[in-house]
Amino acid sequence: MAFLMAFCLSCREDVFYRQYQLVDLEWSKGKEYYFTYEITDNSVPYRFSVEIRNNNLYPYQNLWLFCSEELPVGPVRRDTVECLLADDYGKWLGRGFSIYHLSIPVRTHHRFLHKGQYTFSIRHGMRDSVIRGIEEIGLYIEMETD
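These numbers were taken from a predicted model, which means no experiment stands behind them. (Residues numbered from 1 in each chain as written. Predicted model: local features only at pLDDT ≥ 70, side-chain atom pairs only at ≥ 80, totals over all residues. Heavy atoms only, no water.)

*Asks:* Help me understand the pattern of salt bridges, please; the structure alone is not making it clear to me.
*Replies:* Side-chain pairs of opposite charge can arise whenever the charged atoms involved come near each other. A complete count under the given rule lists six salt bridges for this structure. Arg 47 is the partner of Glu 144 in a salt bridge, and the nearest nitrogen-oxygen pair spans 3.1 Å. With Glu 144 in the segment after β10 (134-143) and Arg 47 in strand β4 (residues 46-55), this residue pair connects regions lying 97 residues apart in the sequence. Overall, Glu 144 belongs to the buried group, its relative accessible area being 7%. Exposure remark for Arg 47: the relative accessible area of 24% places this residue in the partly exposed category. As a salt-bridge pair, Arg 107 and Glu 69 come within 3.0 Å of each other at their nearest N and O atoms. Residue Arg 107 is located in strand β7 (residues 99-110), and its partner Glu 69 is located in strand β5 (residues 62-70); the two are separated by 38 residues in the primary sequence. Here the residues in one salt-bridge network are Arg 47, Glu 142 and Glu 144, joined through shared partners. (Salt bridge = Lys/Arg side-chain N within 4 Å of Asp/Glu carboxyl O. Helix = DSSP H or I, 4+ residues; strand = E, 2+ residues; numbered from the N terminus. Buried < 20%, exposed > 50% of the residue type's maximum accessible area, 1.4 Å probe, protein only.)

Structure follows, in structure tokens:
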């Protein structure tokens, strides 16, 4: 019994926030997806990942994303993230068969300066004004314990 309890505790995830949003059939350049979360403990570091689920209709190897974060205090932080979705031979890097899931690390050991509400937004930064083949976009935040 003690072994089973120790095993369950060792498998514990420190997931702070995980949310996905369905992407429109055609993702237009101006369409942003918003993720809002509340920070109550700013004494621990966090790890951020952008989650992408694409299908075989996505025509490119990579996906450029413009990410913004509205803070409770201070200016908006902006970043550009390149997500490599396929290798040089066109094989999808994500897990899955017809829909591929890939997690792209954005920040590690991130400490929030302030407690309060944050809003993270994502829009695509591809040259095409409309892209197809992205099923869902998500944000995953976990507390780092190591």
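Next, the rest of the story.
*Asks:* What is the right way to look at unusual backbone geometry in this model?
*Replies:* The general pattern is negative phi for most residues beyond glycine and trans for most peptide bonds. Residues other than glycine seldom take positive phi values, yet His 109 does so here, at roughly 55°. Examined against the element boundaries, His 109 turns out to sit in strand β7. Judged by its relative accessible area of 58%, His 109 is exposed.

*Asks:* Sorry, what's going on with the environment of Ile 134 here?
*Replies:* On the secondary structure map, Ile 134 appears in strand β10. Overall, the relative accessible area of 5% leaves Ile 134 in the buried class. Separated by 60 residues in the primary sequence, Ile 134 and Gly 74 place their C-alpha atoms 32 Å from one another. Not counting the four nearest positions on each side in its chain, Ile 134 is found in contact with Val 23, Asp 24, Trp 27, Ile 52, Arg 53, Asn 54, Tyr 58, Leu 63 and Leu 85. (Contact = heavy atoms within 4.5 Å.)

That's the geometry; what it means functionally is another story.
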